[in-house]
There are 4 protein chains.
Amino acid sequence: MNTVIEIKEYGARIGGGCFGFIAGPCSVESAGQIHRIAARVKAAGASFLRGGAFKPRTSPYGFQGLGAEGIELLVQAGREQGLAVVSEIMDIRTIDLFEGVDILQVGARNTQNYDLLRELGRTHKPILLKRGIAGTIKELLLSAEYIMASGNQQVILCERGIRTFDGGYTRNTLDLSAVPVLKELTHLPVIVDPSHATGRASLVEPMALAAAACGADGLMIEVHDDPGKALSDGHQSLTPGQFERLVGRVRAVREALK
Amino acid sequence: MNTVIEIKEYGARIGGGCFGFIAGPCSVESAGQIHRIAARVKAAGASFLRGGAFKPRTSPYGFQGLGAEGIELLVQAGREQGLAVVSEIMDIRTIDLFEGVDILQVGARNTQNYDLLRELGRTHKPILLKRGIAGTIKELLLSAEYIMASGNQQVILCERGIRTFDGGYTRNTLDLSAVPVLKELTHLPVIVDPSHATGRASLVEPMALAAAACGADGLMIEVHDDPGKALSDGHQSLTPGQFERLVGRVRAVREALK
Amino acid sequence: MNTVIEIKEYGARIGGGCFGFIAGPCSVESAGQIHRIAARVKAAGASFLRGGAFKPRTSPYGFQGLGAEGIELLVQAGREQGLAVVSEIMDIRTIDLFEGVDILQVGARNTQNYDLLRELGRTHKPILLKRGIAGTIKELLLSAEYIMASGNQQVILCERGIRTFDGGYTRNTLDLSAVPVLKELTHLPVIVDPSHATGRASLVEPMALAAAACGADGLMIEVHDDPGKALSDGHQSLTPGQFERLVGRVRAVREALK
Amino acid sequence: MNTVIEIKEYGARIGGGCFGFIAGPCSVESAGQIHRIAARVKAAGASFLRGGAFKPRTSPYGFQGLGAEGIELLVQAGREQGLAVVSEIMDIRTIDLFEGVDILQVGARNTQNYDLLRELGRTHKPILLKRGIAGTIKELLLSAEYIMASGNQQVILCERGIRTFDGGYTRNTLDLSAVPVLKELTHLPVIVDPSHATGRASLVEPMALAAAACGADGLMIEVHDDPGKALSDGHQSLTPGQFERLVGRVRAVREALK
């Protein structure tokens, strides 16, 4: 039987035939920003709100996120709109700050941070586990196993692009065949993040449609109400209007394939 | 204006809104085999018949194809069924043997065989140009440029998977984001070969659906009426019945996205 | 001026013209094992003893190391032989256990675990930072920057092979050109780990010689007195005798290039 | 017994303990250029002169080489200086033009052009076979097998860098562990081309030294007497003076390892 991840409070579900839209900005930037975006993605059909507060940036001099305050703003915005919230945790010592967060995300740089995985296995929250930057399918499954071996069976796997030789037009290479491969190998839900995978807004909708067509259980999409001014990843963010169109078209594809 | 490749005789078209199904065995093995398969893929909705006669095999001791006889059998089968035929040319000195072939295919190992490309640019047949094994988008476009600079504007680009680190579950990594990227950069039709990309029959339909969803102009699918006994690539071949199902579902996706 | 890492107590140095040999088993397995190996590598010319106590294993069901006890045994063996000791730290919460360890190693899976790097930047011990599994040169330098931005300038960079498509004969692809590239870009010492890079004992000496020839400041070599019975990575471990030969030949190469 | 490639006329040898230096410009540009360079590399210790006349360029609009005239100039320069000459052949139909060429080179884009390999297997000249752009060790050996299965046992294998994710500082990733791996698997001589692998003059000497240290049988080095004005690949060319220094240091490394 396929695992279903459900945040009952909000009726938000992923897996077992339920397709979930996780949407929101790369980073929480301000109360206004996250509330505006939350309202828009809710209206468009999302049931999960994403937003980074602790950001793993390649350079120590990049914007590192609002931290504890960012989490607070995200949780408030989610509650107000009736959206379950998802945010990345990088350091287990900050776990208390994530009390109001519904799903804890492990980013691609921490997919093999086994101490973190083991600790998250002792929590009672669902874990959204991203595939490593150059992680194999087997490594992803074994990282999930670290969480589950510690007692937490609620894991969502996320394909987010792998590093290959071709960095000219896309940031990573979205490996969509990982979706049907994982669906053959595991009962866990599998979602796709076309925003980080491609790094370009114009590619997000086509790859989201493709993900839905090959059997993904959900999508994680970066949405910003003013992408040109985003503090991080603006070039890959959809506007709320573009996201709404994407939701409609993804639903049409899923309907056609029933 | 987008380039449309058309084989008028058979009303077979790819590009400019027309979605083409190219189907058939990896290798032409016998008159009976290619005729049986041709009849089945025609009935299922294909308008192009594929079949290798000159096979580029990694080892000199592998089955190298039936050569001239294979081409002849393929052309006969295509004519009988009203299917345009596609076959790979590896050496320009064999060009005369391809007289009856409608579309000349350049395989991934020859994508940067510039002398071959230049010569094909002097023919009047459409060229199906596969992306190199580890070819960038830019290299693919410049290889097409070699053909076009010699006078032949009829080029179909084909994404067929790239070589990455993860060879455990799939033969190559199908890079579907290449489809919308290429559609942004060129007027040429872009098709996808999920059979060679994944190397596994169970992944062909999901990836074909994904290709259609993200904007491909056609598909190249390996079909064999007895995959277990195929002389090459049997593990990635669909049965005619599986191909028929695939066609129906691809059409449903395209319909939903109109 | 090039940074030199020195453990004064033992006269052990890496960088600024001093070439350091770090040798020892993949994992500390027992008091007897680590003492025997320590004596042999010291006699052969090593000035640093390595040995894993907390092991980052892809599977949660693999041997995870002896933990605190392993560190203790390693430190005892090092002191007895007058060798500085190096061991991997995976979780900052275990930092107190590493009091006797002279150099803290960050493994390839944690190269972008920024919280760990920041914390290590607040310690006063040298950090041996391994390149990520598919990490770029720039990412490695920026990860070092995380440590240095927190106040600790004592960083050793370690090339240990990158993940590429060719996994048939070697575990990773040792990227030796990273050595002269890094020497152009940074004042930090650069060492090479041919054991993890190649995964095969027969390749360790040739690649160690190559590393010395292209300008590395040191080597990290797995040595086990009974490789066939090693609990981890036995197939890539040299015997003490092989290590002794390697040291002599590396010194000959360096002498020739003075 | 290891295969030795020998051009008796000039006493030029590679393999079986003989280390050969192949040097010269990327492209033959003029009579003056190739004669000047030939004299300099001969004086510095090379026994083979390289120079491209038919150039496989990614773009059809790049400089494609002097063709037949280039071959003629190269051969003249080689004879005058007593150097065996090496040049790349891309199309078997040009074979007659290569009569005076001592070693026929197959470039990385043609490593799997099996028709070309088969034809070269019917010649009586040694073949210098470059590894494919993303070719595995096994594929390289099987491509050599195509030549040998056609009757020509004189094959030199050449590692020239593979395509990986890290294109920031070097053009390709020089996979030096391929050298000892190939030496374990085959009797054929193995040489290294650090010029194409790294794409940067400053990295050529360190990587040449590393190649010699890990057991290569020879080196292929781009040398130009005015790199800033070279029609192709000037940024990776050594000056004759730099090449002379390289030869001396490579010899010192080999002497030290005897």
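What should I look at first to understand the overall build of chain A in this one?
Per the secondary structure count, chain A includes 8 helices and 10 strands. A compact globule built from 258 residues should have a C-alpha radius of gyration of about 18 Å, and chain A, at 16 Å, falls within 12% of that. Expressed along its principal axes, the backbone C-alpha trace of chain A runs to roughly 45 × 40 × 40 Å. Burial statistics for chain A: of 258 residues in total, 67% are counted as buried. A total accessible area of about 8300 Å² is found for chain A, and carbon and sulfur atoms account for 47% of it. Charge separation in chain A, taken as the distance between the mean sites of 28 positive and 28 negative side-chain charges, equals 3 Å.

What's the story with the relation of the copies chain A and chain B in this structure? I'm lost.
By a simple turn and slide, chain A fits onto chain B: the slide is 0.0 Å along the axis, the RMSD is 0.0 Å, and the turn is 180°. The symmetry that links the two subunits is that of a two-fold axis. When each C-alpha of chain A is compared by its distance to the rotation axis, Ala210 of chain A comes out closest, at 2.0 Å. Comparing contact sets, 100% of the residues at the interface of chain A also lie at the interface in chain B, consistent with an isologous, same-surface contact.

For this particular structure, what's the right way to read helix 2 (residues 68-81) of chain A?
Three- or four-residue spacings in an α-helix give side chains the same orientation, since the helix completes a turn every 3.6 residues. Residues and elements named next belong to chain A. In this model, helix 2 (14 residues) spans 20 Å end to end at C-alpha, consistent with the 20 Å of a helix rising 1.5 Å per residue. All buried positions along helix 2 are accounted for by Gly70, Ile71, Leu73, Leu74, Val75, Ala77 and Gly78. Structurally, helix 2 contributes buried residues whose contacts are with helix 1 (31-44), strand 4 (48-50) and strand 5 (84-88). Positive backbone phi, approximately 70°, marks Gly82, located one or two places after helix 2.

Looking at this structure, how should I read helix 7 (residues 201-213) of chain B?
Taking 1.5 Å of rise per residue, 13 residues should cover 18 Å, and helix 7 of chain B covers 19 Å from first to last C-alpha, within 8% of that figure. Considered for burial, the residues of helix 7 of chain B that qualify are Leu203, Val204, Glu205, Pro206, Met207, Ala208, Leu209, Ala210, Ala211, Ala212 and Ala213 of chain B. Those residues of helix 7 of chain B that are buried are in contact with helix 5 (178-185) and helix 7 (201-213) of chain A together with strand 9 (190-192), helix 6 (194-198), strand 10 (218-222) and helix 8 (240-256) of chain B. Following helix 7 of chain B by one or two positions, Gly215 of chain B has its phi on the positive side, about 110°.

I'm lost on the sheet that holds strand 5 (residues 84-88) of chain B in this one. Help?
Sheets are built from strands paired through backbone hydrogen bonds, the pairs being either parallel or antiparallel. Residue and element names in this part refer to chain B. Here 8 strands make up a closed barrel; going around it, the order is 3-4-5-6-7-8-9-10 and the pairing parallel. Recorded for the sheet is a direction-independent mean angle of 25° between the axes of neighbouring strands. Alignment of strand 4 (residues 48-50) against strand 5, held across 3 bridges, turns out to be parallel. Within strand 5, the residue paired with Leu49 across the bridge is Val85. Taken strand by strand, helix 8 contacts strand 3 (20-24) and strand 10, and its axis lies near 170° from that of strand 3.

In this structure, what is going on with the interface of chain A and chain B? I would like to understand it.
By a widely used convention, the size of an interface equals the accessible area lost when the partners come together. Facing the 37 residues of chain A at the interface are 37 residues of chain B. Around 3000 Å² of area is buried between chain A and chain B when both sides are counted, 70% of it from carbon and sulfur atoms. The three residues of chain A that bury the most area against chain B are Phe165, Tyr169 and Leu257 of chain A, which together make up 20% of that side's buried surface. Taken together, chain A and chain B are joined by 2 salt bridges. Residue Glu184 of chain A pairs with Arg200 of chain B through a salt bridge whose shortest N-O separation is 2.5 Å. At the boundary of chain A with chain B, the tally comes to 6 residue pairs in polar contact (both at pLDDT 80 or more). Sort the elements by how many residues they give to the side of chain A that touches chain B and helix 7 of chain A lands first, with 7 residues. For the side of chain A that touches chain B, a count of residues per class yields 21 nonpolar, 8 polar and 8 charged.

Please explain the pattern of salt bridges as it appears in this structure.
If charged atoms from side chains of opposite charge come close, those side chains can pair. A full pass over the atoms with the stated rule returns 72 salt bridges over all chains. Here Lys258 of chain A and Glu255 of chain A are joined by a salt bridge, their closest N and O atoms 3.4 Å apart. Both residues of the pair, Lys258 of chain A and Glu255 of chain A, count as exposed. Through salt bridges with shared partners, a single ionic network connects Asp91 and Arg93 of chain A together with Glu119 and Arg122 of chain C.

Looking at this structure, how should I read the environment of Val101 of chain D?
Residues and elements named next belong to chain D. You can see Val101 is positioned in the loop between strand 5 (84-88) and strand 6 (103-106). Of the residues examined, Val101 reaches a relative accessible area of 0% and is grouped as buried. Spatially, the C-alpha atoms of Val101 and Ala84 are 7.8 Å apart, while their sequence positions differ by 17 residues. Among residues more than four places away in sequence, those in contact with Val101 are Ile71, Val75, Val85, Val86, Ser87 and Lys125.

Looking at this structure, I do not really get the side chain of Thr3 of chain B. What am I missing?
All names here are of chain B. Mapped onto the fold, Thr3 is located in the segment before strand 1 (5-7). You can call Thr3 buried: its relative accessible area is 16%. Separated by 2.7 Å, the side chains of Thr3 and His187 make a polar contact.

Honestly, the packing of helix 4 (residues 137-149) of chain B against helix 5 (residues 178-185) of chain B in this entry has me stumped. Any pointers?
How two helices pack is summed up by the angle between their axes together with the distance between the axes. Residues and elements named next belong to chain B. Interhelical geometry of helix 4 versus helix 5 gives an angle of 50° and a closest axis separation of 11 Å. Considering their axes alone, helix 4 and helix 5 lie oblique with respect to each other. Both helix 4 and helix 5 take part in a crossing whose hand is right-handed. When helix 4 is examined against helix 5, the residues Ile137, Leu140 and Leu141 are found in contact with a partner set consisting of Ala178, Val181, Leu182 and Leu185. Tallied by class, residues from the contact of helix 4 with helix 5 come to 7 nonpolar, no polar and no charged.

Even after reading the chapter, I still don't get the pairing of strand 10 of chain B, so can you show me in this structure?
Side-chain positions along a regular strand alternate between the two faces of the sheet. Residue and element names in this part refer to chain B. Here strand 10 lies mainly inside the structure; 5 of its 5 residues are buried. The two faces of strand 10 match: Gly218, Met220 and Glu222 on one face and Leu219 and Ile221 on the other face are all buried. Sheet topology places strand 3 next to strand 10; 5 bridges connect them, and they run parallel. Note on strand 10: the bridge partner recorded for Phe21 is Leu219. Note: strand 9 against strand 10, 2 bridges, orientation parallel. By the bridge assignment, Ile191 is partnered in strand 10 with Gly218.

What is the right way to look at the packing of aromatic side chains in this model?
Geometry of an aromatic ring pair is reported as the spacing of the ring centres plus the angle between the planes. Residues and elements named next belong to chain A. All chains considered together, the criterion is met by 16 aromatic pairs over all chains. Plain terms: the ring middles of Tyr114 and Tyr146 are 4.2 Å apart, the flat faces sit at 15° to each other, and that makes the pair stacked. With Tyr114 in helix 3 (residues 114-120) and Tyr146 in helix 4 (residues 137-149), this pair connects stretches of sequence that are 32 residues apart. Accessibility expressed as a relative area gives 1% for Tyr114, which makes it buried. Under the relative-accessibility criterion, Tyr146 is labelled buried at 1%. Cluster of aromatic residues (ring-pair linked, three or more members): Phe19, Phe21 and Phe243.

Which parts of the structure should I look at to understand the packing of helix 7 of chain A against helix 7 of chain B?
Here helix 7 of chain A crosses helix 7 of chain B at 155°, and the two axes come no closer than 7 Å. Regarding the angle of helix 7 of chain A to helix 7 of chain B, the classification is roughly antiparallel. By crossing handedness, the relation of helix 7 of chain A to helix 7 of chain B is classed as right-handed. Contacts between helix 7 of chain A and helix 7 of chain B pair Pro206, Leu209, Ala210 and Ala213 of chain A from the former with Pro206, Leu209, Ala210 and Ala213 of chain B from the latter. A per-class count over the contact of helix 7 of chain A with helix 7 of chain B returns 8 nonpolar, no polar and no charged.

Conventions we followed
- Numbering of residues starts from 1 in every chain and runs along the sequence as written.
- Each chain gets a letter, beginning with A, and each ligand a number, beginning with 1, in the order they are written.
- Reporting in this predicted model follows two pLDDT cut-offs: at least 70 for local features of residues, and 80 or more for side-chain atom pairs to be given and counted; totals over whole chains, interfaces and linings ignore these cut-offs and use all residues.
- To get the side-chain values, take all heavy atoms of the structure and skip hydrogens and water.
- Secondary structure elements follow DSSP: runs of H or I of four or more residues count as helices, runs of E of two or more count as strands, with numbering from the N terminus.
- With the radius of gyration taken over C-alpha atoms, the globule rule is written as 2.2 Å times the number of residues to the power 0.38.
- Relative accessibility thresholds used throughout: buried, under 20% of the residue-type maximum; exposed, over 50%; partly exposed, between the two (1.4 Å probe, protein chains only).
- Only the protein chains shown count as cover for residues, and all accessible areas are computed by the Shrake-Rupley method using a 1.4 Å probe.
- None of His or the chain ends enter the tally, which takes Lys and Arg as positive and Asp and Glu as negative.
- By convention, charge coordinates are those of NZ in Lys, CZ in Arg, CG in Asp, or CD in Glu.
- We place the copies in one frame by least squares, fitting the C-alpha atoms of every residue whose pLDDT is at least 70 in both.
- Note on contacts: a residue pair is in contact if any heavy atoms of the two residues lie within 4.5 Å.
- Residue count minus one, scaled by 1.5 Å, sets the expected span of a helix.
- A strand pair is defined by DSSP finding two or more bridges across the two strands.
- Every axis in this analysis is a line fitted to C-alpha atoms, fitted for helices over the stretch in contact. Angles between the N-to-C directions lie between 0 and 180 degrees.
- What gets called buried area is simply the loss in accessible area from a 1.4 Å probe that two parts show on being joined, summed for both.
- Here, a salt bridge means any Lys or Arg side-chain nitrogen found within 4 Å of an Asp or Glu carboxyl oxygen.
- Two N or O atoms form a polar contact when they lie within 3.5 Å of each other; inside protein one atom must be a possible hydrogen donor and the other a possible acceptor, and for residues adjacent in sequence the pair counts only when both atoms belong to side chains.
- Note on residue categories: nonpolar means Ala, Val, Leu, Ile, Met, Phe, Trp, Tyr, Cys or Pro, charged means Asp, Glu, Lys or Arg, and polar means any other residue, Gly included.
- Oblique is the label for any angle not covered by the other classes, which are roughly parallel (under 35 degrees), roughly antiparallel (over 145) and roughly perpendicular (65 to 115).
- In this scheme the handedness of a crossing depends on how the near helix is turned from the far one: anticlockwise by less than a right angle means left-handed, clockwise means right-handed.
- For Phe, Tyr and Trp, rings pair up if their centres lie within 6.5 Å, where Trp contributes its six-membered ring, and each pair is then called stacked (planes under 30 degrees apart), edge-to-face (over 60) or tilted (otherwise).

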